[in-house]
Amino acid sequence: MQEQAAADAAGNNSPSKWEDSSAAGGCCLVRGPIIVGAGPSGLAVAATLSQHAVPFTVLERSDGIADLWTNRTYDRLRLHLPKVFCELPHVGFPADFPTYPTKHDFLRYLRDYAARFSVSPLFGHTVTAARYDAAAALWRVTAVSAADGDRKTTTTEYASPWLVVASGENAEVVVPKVKGRERFAGEVLHSSAYRSGERFKGMRVLVVGCGNSGMEMCLDLCEHGAMPFMSVRSGVHVLPREMFGTSTFGVAMKLLKWLPIKLVDRFLLLVAKMVLGDTEKHGLRRPKLGPLEIKNVTGKSPVLDVGAWSLIKSGNIKIVPEVESFTGGNGVRFVDGNEMDFDAVIFATGYKSNVPSWLKDGELFTEDGKPKAQQPTSSWRGPNGLYCVGFSGRGLLGAGADALNAAADIAGRWQAVAAAAAAAKISSV
Ligand SMILES: Cc1cc2nc3c(=O)[nH]c(=O)nc-3n(C[C@H](O)[C@H](O)[C@H](O)COP(=O)(O)OP(=O)(O)OC[C@H]3O[C@@H](n4cnc5c(N)ncnc54)[C@H](O)[C@@H]3O)c2cc1C
Ligand SMILES: NC(=O)C1=CN([C@@H]2O[C@H](COP(=O)(O)OP(=O)(O)OC[C@H]3O[C@@H](n4cnc5c(N)ncnc54)[C@H](OP(=O)(O)O)[C@@H]3O)[C@@H](O)[C@H]2O)C=CC1
Ligand SMILES: O=C(O)C(=O)Cc1c[nH]c2ccccc12
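A brief look at the structure comes next. Predicted model only: the values in this text are computed from it and were never measured.

1. Some details on the sheet that holds strand β12 (residues 227-231)
- As summarised here, the arrangement of the five strands in space is β10-β21-β11-β12-β17, forming an open sheet in which the pairing is parallel. Either end of the sheet is taken by a strand with one partner, and the two such strands are β10 (187-190) and β17 (318-320). Going from strand to strand, the sheet's axes swing by 25 degrees on average, the running direction of each strand aside.
- Bridge count between β12 and β17: three bridges; the pairing is parallel.

Below you can see the structure in the form of structure tokens.
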């Protein structure tokens, strides 16, 4: 059945309407797979499919590629892993890029990448539902779109035997519900809306969360003459971004080739202690699991320090406990009972995937939006022509590896179907 559906898809022109109800926008059986998301993961899988001469349709909710990097990150952001660990398949970064490219460098690279492989997503298409139609052996994907400046939306169903989920681990913001928030007199925002500390000059700013975003925003706030306070709930591993004149991440990758992860973690923590001192003494408890192991097990990223740590040590960034409630006016109460006033609160409390809201099969993704491992294969392949790219918690490097695997698998199926369709045509002549 899946082969028949695939043969139909292979024989059509892209994306062909095979049923149309004008009010609903109709239904398209597309040639090749449907890819949800035009971030680095979606672009990498599309590029690799085009290398295999497999057509594809990319559905992207925003009006351009890489929405996270374009519209939801702060100005000073750079890749925090060296460029060799952040390249997408087939094309390296230009030689004149710095070791840690800026977000503008990275965006230039992504735009060139999309152009080079002729990836033209359908922008403004938000996927709101996807379900597997077993009878037709097709994924039916519902996307809502609005023409530019048009208030009316159109709902279209796209269908394909293959669905690639590339909507990202960071698709939606996480903002905890804190008691009394509506009574806070100052500004409240999420780190994804923060651009620069410039407009916070002279202000007391509470940053909730001590991941890479929280840490770097505190640094940025300090450098712009604001007074940042960082609220820490459960602690974090802070590592120097570099050790022995090379990147900590690079050192870790080399050691992992020879040593078990626990030993590499012990080594990293030893060097971190030598370089940074005892982070616990300044209010940053280290988790029980080591920095690489906790990333693998829970997805929690270690902080690669780009300057915040020395400001914590010098007291310019002040560590405060977990927030208990907003108390009215500018007041915030912490879990230790203390209260302080702030002009603004920034939640650097991370992101989550949105897949559970639209992939209508609770068996395939966990409640927090991660693909359930499909034994015996890994997280990039699900059942019935489903693929997941960029959900392995291994950053851009992991996304690239997923993309190569998924695209090769789809290409194998596509070519088999195309060969069968060609043979059927010859025998019917
Ligand atoms: C601030 C920040 C910095 C990072 N820095 C690094 C780094 O230096 N090195 C590294 O390896 N990793 C880094 N990461 C981790 C990760 O590599 C990046 O998040 C990367 O952008 C992931 O790519 P992606 O394509 O999987 O997801 P995204 O970049 O989030 O792209 C997903 C795309 O899907 C679209 N989308 C989502 N939902 C829908 C829907 N329902 N319908 C249609 N479209 C949808 C989004 O608009 C988006 O364009 C960083 C993450 C963050 C948040
Ligand atoms: N330069 C770069 O390359 C950068 C990379 N990144 C990456 O982007 C991703 C997201 O990072 P980031 O935005 O920092 O988010 P993270 O998920 O890494 O960190 C979230 C922080 O918020 C805290 N938090 C979450 N929920 C609550 C809550 N209800 N109450 C109190 N605290 C809470 C967490 O604490 P707890 O541990 O207690 O849950 C944690 O300290 C990561 O992969 C990160 O490495 C981010 C910025 C820069
Ligand atoms: O920025 C991130 O969180 C990433 O996903 C990059 C990344 C992948 N594996 C890691 C191990 C340690 C630190 C960062 C990463």
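Structure's up, so let's keep going.
2. Quick look at the pattern of salt bridges
- Evaluation of the coordinates by the stated rule reveals 15 salt bridges.
- Between K262 and E293 there is a salt bridge, with its nearest N and O atoms 2.9 Å apart. Of this pair, K262 sits in helix α7 (residues 261-276) while E293 sits in helix α8 (residues 291-298); the two residues are 31 residues apart in sequence, bridging distant segments of the chain.
- Since its relative accessible area comes to 51%, K262 is described here as exposed.
- Look at E293 and you get buried, because its relative accessible area is 16%.

3. Section: the site of ligand 3
- In the vicinity of ligand 3, the contacting residues are H80, L81, F249, K295, S301, P302, R394 and G395.
- A distance of 2.6 Å is found between an oxygen atom of ligand 3 and a side-chain nitrogen or oxygen belonging to S301.
- Take G395: an N or O atom from its main chain is 3.4 Å from an oxygen atom of ligand 3.
- Protein contacts shield 80% of the accessible area of ligand 3, which totals 350 Å² for the unbound molecule.
- Broken down by class, the residue content of the shell around ligand 3 amounts to three nonpolar, three polar and two charged.

4. A word on a nonpolar patch on the surface
- Residues W258, L259 and L263 make up a contiguous nonpolar surface patch of roughly 360 Å² in combined accessible area.
- In this fold, L263 is placed in helix α7.
- Here L263 falls in the partly exposed class, since its relative accessible area comes to 39%.

5. Describing the side chain of T248
- Structurally, the position occupied by T248 is in helix α6 (residues 248-256).
- In terms of polar contacts, T248 uses its side chain to reach the backbone amide nitrogen of E242, at 3.4 Å.
- Among all residues touching T248, those that are not within four sequence positions of it are L239, P240, R241, E242, M243 and L268.

6. Here's the deal with unusual backbone geometry
- Notably, A66 is not glycine yet its phi reads approximately 45 degrees, a positive angle.
- Inspection of the secondary structure puts A66 in the loop between β4 (57-59) and α3 (67-71).
- Since its relative accessible area comes to 1%, A66 is described here as buried.
- Backbone geometry at H90 places phi at a positive 80 degrees, although glycine is not the residue there.
- Mapped onto the secondary structure, H90 falls in the loop between α3 and α4 (103-116).

7. Some thoughts on the site of ligand 1
- Of all residues adjacent to ligand 1, which total 28 residues, the nearest are S41, E60, W69, N170 and L396.
- Note that an oxygen atom of ligand 1 is positioned 2.7 Å from one of the side-chain N or O atoms of E60.
- Separating a nitrogen atom of ligand 1 from a backbone N or O atom of V127 is a distance of 2.9 Å.
- Protein burial of ligand 1: of its 980 Å² of free accessible surface, 92% is covered by the chains.
- Only α2 (40-51), α3, β5 (125-133) and α11 (395-428) provide two or more residues apiece to the shell around ligand 1.
- Residue composition of the shell around ligand 1, by class: 13 nonpolar, twelve polar and three charged.

8. Quick word on the packing of α6 against α7
- Packing of α6 against α7 leaves a shortest axis separation of 9 Å and a crossing angle of 145 degrees. The way α6 lies across α7 gives a crossing that is right-handed. The residues of α7 that touch α6, namely those facing T248, V251, A252, L255 and L256, are I261, V264, F267 and L268.
- Partitioning the contact of α6 with α7 into residue classes produces eight nonpolar, one polar and no charged.

9. Considerations on the sheet that holds strand β19 (residues 331-334)
- With antiparallel pairing, the three strands of this open sheet are ordered in space as β18-β19-β20. Among the strands making up the open sheet, the edge pair consists of β18 (323-328) and β20 (339-341). Taken over all neighbouring pairs, the strand axes of this sheet differ in orientation by 30 degrees on average, direction set aside.
- Strand direction decides the pairing type here: β19 and β20, joined by three bridges, are antiparallel. The partner of R333 across the bridge, within β20, is E339.

10. Describing the pairing of strand β7 (residues 153-160)
- Relative to β7, strand β2 (residues 27-29) is paired through three bridges, and the arrangement is parallel. In the sheet register, C27 faces β7, and the bridge partner there is E157.
- Bridge analysis of strand β6 (residues 138-146) against β7 gives eight bridges, and the strand direction is antiparallel. Looking across to β7, one finds that A146 is bridged to T153.

11. Observations regarding helix α5 (residues 212-223)
- Compared with an ideal rise of 1.5 Å per residue, which puts twelve residues at 16 Å, α5 spans 17 Å between its outermost C-alpha atoms and is within 8% of the ideal.
- Counting buried residues along α5, ten of its twelve residues qualify, which places the element largely inside the surrounding structure.
- Residues of α5 that are buried: N212, G214, M215, E216, M217, C218, L219, D220, L221 and C222.
- Looking at the buried residues of α5, the elements they touch are β11 (204-208), β12, β13 (238-240), β16 (303-305), α9 (308-313) and β21 (344-347).

Rules used throughout
Within each chain, residues carry numbers counting from 1 in the order of the written sequence. Key to labels: chains lettered from A, ligands numbered from 1, both in the order written. Reporting in this predicted model follows two pLDDT cut-offs: at least 70 for local features of residues, and 80 or more for side-chain atom pairs to be given and counted; totals over whole chains, interfaces and linings ignore these cut-offs and use all residues. Heavy atoms throughout the structure, all of them, feed into the side-chain values; hydrogens and water do not. When DSSP locates at least two bridges between a pair of strands, those strands are taken to pair. For helices the rule is a DSSP run of H or I covering at least 4 residues; for strands it is a run of E covering at least 2, with both sets numbered from the N terminus onward. Comment: axis = line fitted to C-alpha atoms, over the contacting stretch for helices; angle = value between 0 and 180 degrees taken between N-to-C directions. What counts as a salt bridge is simple: a side-chain nitrogen of Lys or Arg found within 4 Å of a carboxyl oxygen of Asp or Glu. Only protein chains enter the accessibility calculation, which uses a 1.4 Å probe; a residue whose area is less than 20% of its type maximum is buried, one above 50% is exposed, and one in between is partly exposed. Residues are counted as near a molecule or strand when any one of their heavy atoms sits within 4 Å of it. The definition of a polar contact used here is a pair of N or O atoms within 3.5 Å, where within protein one atom must be able to donate a hydrogen and the other to accept one, and adjacent residues in sequence count solely through side-chain atom pairs. Accessible surface is estimated by sampling points in the Shrake-Rupley manner with a 1.4 Å probe; for residues, cover comes only from the protein chains shown. Here the term charged refers only to Asp, Glu, Lys and Arg, the term nonpolar to Ala, Val, Leu, Ile, Met, Phe, Trp, Tyr, Cys and Pro, and the term polar to all other amino acids, Gly among them. Only residues whose relative accessible area exceeds 30% and that form no salt bridge enter a patch; like-charged residues are grouped when within 9 Å of one another, and nonpolar side chains (Val, Leu, Ile, Met, Phe, Trp, Tyr) when within 5 Å. Contact criterion: two residues are considered in contact whenever any of their non-hydrogen atoms come within 4.5 Å of each other. By definition, turning the near helix anticlockwise from the far helix through less than a right angle yields a left-handed crossing, and turning it clockwise yields a right-handed one. For a helix, the expected span equals 1.5 Å multiplied by the residue count minus one.

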